[in-house]
Amino acid sequence: MDRRDFIGNLSAGSLILGAPAWGYSTAFGDQSRSIANLGTEARTDVVIAGGGLGGVAAALGCLRNGLSVILTEETDWIGGQISQQGVPPDEHKWIETHGAPESYREYRRRVRDFYRRNYPLTPEAKAKENLNPGDGSVSRICHEPRVALAVMLEMLAPYMSSGKLILLPQHKVVAADVEGDSVKSLNIRDLRDDNEKFVSASYFIDATELGDLLPLTGTEYVTGAESKAQTNELHAAEKADPTNNQAFTVCFAIDYVPGENHVIPKPREYDFWQTFTPKMDHPWSGKLLDLSYTHPSTLKPKTLGFHPEGIRTGDALNLWLYRRIINPGNFVPGTYAGGATIVNWPQNDYFLGNIVDVSEAEFNKHVNRGKQLSLSLLYWLQTEAPRPDGGAGWSGIRLRKDMMGTEDGLAKYPYIRESRRIKAQFTILEEHVGAENRIMVAGKKKGTKAARFEDSVGIGYYHIDLHPSSGGNNYIDFGSLPFQIPLGALLPERMKNILPANKNIGTTHITNGCYRLHPVEWSIGEAVGMLCAFAMNKNVTPEAVRADTSLLADFQRFIQSQGVELEWPEG
């Protein structure tokens, strides 16, 4: 058994909603033949492993600056957490105007335009400048995974057409040829037929969800939680644990059809999950499958609400509205029987095992148990969840397999919160971005700024948000400050031509909690892609760009000219 056993049920929904010309069986099939025509070996400027947000942004950064790219993706959808993993964007409150690259905001504009061009919106919704299709409370632009997919393919389309980009779905890097401090080539396997290609390049970008290229290339990395003695971070653990990683989640989409019965067969592990009570360093509030959970910041019990018709449930957050991706009120009456939402909640976070640096068998065991947890949560919602009228269960909740493009209705890949992290030339610590730690280190009054990095290549913001972990930690959730992305955190301490473009940059277990979300991942990927283009044009190494003050200034001007912000505005 290998990872294909998890990602293999991909056939449903192979054509992209609203854009049949971009069905993967057409666009990607031709791309696969393109590399096949090159024989068993191929050469390109940059190979990007992993087609998530960081991988797509890295490709755009390379391609618009004249480089050729081969982009591989383990599943049959690009987009990572926003599409194949089914997670609407987690963003900060300033995202409409600043705090992300112009290309990310262009992606968001294209999402809104996609709905305006293809969906029967009401006149009022269509006229909204900042249309939020689902009106989910987690984001100002909650939208369907397939729309994210269509928009990213649209952004890459000109480069696929010109042949500058070869996009390879269901392909995985399985081996690397390394000489000294440089990667020479990668061995890429087609997961559909096991055929392999050897691809050489000047640069290799690891945009995989778990930092898969790092062990393959011998790039030094760390995993799990560092100790307070190692990092001097206020919220670090007393004892280091490389196997202690955040929970992953197998997300799914549901809608609600009143008066119908869509109850799924009882999941195989339902009896286990229905009675399961988490055991952690700070006690959970009760059973996992319940509307009570542990408040992330206070660790005290907190009650949530649930009503699939979007009706308020007192003062409690209605989970249905949290990641809602379709609000029927935004569309012509009769378009939808009910709204649709993504289930990525405390109740389906899986933390009973670690999936970083484990065997394929161990990975599959835990991911399959994570799938059982998500199906058990669905079954519980359909049959046992308390209703305001005193009844139990909502039989009209329907698993939307088509929205996830899979036969089992679950996301194509688990939502990964933590991966391998490079040992970087510079590591971002809590003292650089954590609000409380900054106050203690700097000795300044509350409201101090995050550390200023002279080698900034972007900015971002999110609070430090660590979900329950495989090591038994409950939430670690506290305030951070609007931060910069230092170039030093994107450079391995030794390797010369491999760069990270996902959650695998030079952060710690703690600071990963605010550098792992959608716009920051995009920012990291785009900066790395442009770094490859700049270094090749100047005939210098990425390390030299950071080390040379003049080169660094030139690079920063270069990326600013393409819509990258280096500093937060005052105030």
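Conventions adopted
Residues numbered from 1 in each chain as written. Predicted model: local features only at pLDDT ≥ 70, side-chain atom pairs only at ≥ 80, totals over all residues. Heavy atoms only, no water. Helix = DSSP H or I, 4+ residues; strand = E, 2+ residues; numbered from the N terminus. Buried < 20%, exposed > 50% of the residue type's maximum accessible area, 1.4 Å probe, protein only. Pairing = 2+ DSSP bridges. Axes fitted to C-alpha atoms, helices over the stretch in contact; angles between N-to-C directions. Contact = heavy atoms within 4.5 Å.

Description of unusual backbone geometry
- For Asp135, which is not glycine, the phi dihedral falls at a positive 50°.
- Within the element layout of this structure, Asp135 appears in the loop between helix 5 (123–127) and helix 6 (145–162).
- Accessibility expressed as a relative area gives 30% for Asp135, which makes it partly exposed.
- The phi torsion at Gln170 lies on the positive side, around 50°, for a residue other than glycine.
- Mapped onto the elements, Gln170 comes out in the loop between strand 4 (165–169) and strand 5 (171–179).

Some points on the sheet that holds strand 2 (residues 46–49)
- The strand order across the open sheet formed by five strands is 4-3-2-8-23, and the pairing between neighbours is parallel. Whereas interior strands pair on both sides, the edge strands pair on one side only; in this sheet they are strand 4 and strand 23 (498–500). On average, each strand axis in the sheet is inclined to that of its neighbour by 15°, with strand direction left out of account.
- As judged from the five bridges shared by strand 3 (residues 69–73) and strand 4, these two strands associate in the parallel manner. Opposite Val69, over in strand 4, you have Leu165 as the bridge partner.
- Helix 3 (residues 53–63) contacts strand 2, strand 3, strand 4 and strand 8 (203–206) of the sheet and is inclined by roughly 170° relative to strand 3.

Things to note about the environment of Val46
- Looking at the element boundaries, Val46 is found in strand 2.
- With relative accessibility at 0%, the residue Val46 sits in the buried group.
- Taking the C-alpha atoms as reference points, Val46 and Leu63, separated by 17 residues in sequence, lie 9.6 Å from one another.
- If near-sequence neighbours (up to four positions away) are discounted, Val46 is found in contact with Cys62, Leu67, Ser68, Val69, Ile70, Ala201, Tyr203, Ile205 and Cys532.

Some details on the sheet that holds strand 5
- In spatial order, the strands read 1-7-6-5; together these four strands make up an open sheet with mixed pairing. Strands at the two margins of the open sheet, each flanked by one partner only, are strand 1 (41–43) and strand 5. Neighbour-to-neighbour, the strand axes of the sheet open up by a mean angle of 25°, direction not taken into account.
- Bridge analysis of strand 5 against strand 6 (residues 182–190) gives eight bridges, and the strand direction is antiparallel. Counted as the bridge partner of Ala176 is Leu186 from strand 6.

Comments concerning the pairing of strand 8
- A two-sided burial pattern is seen for strand 8, the buried positions comprising Tyr203 and Ile205 on one face and Phe204 and Asp206 on the other.
- For strand 2 and strand 8, the ladder comprises four bridges, and the chain directions are parallel. Paired with Val47 across the strands is Phe204, a residue of strand 8.
- Of the strand pairs in this sheet, strand 8 and strand 23 are connected by three bridges, and their pairing is parallel.

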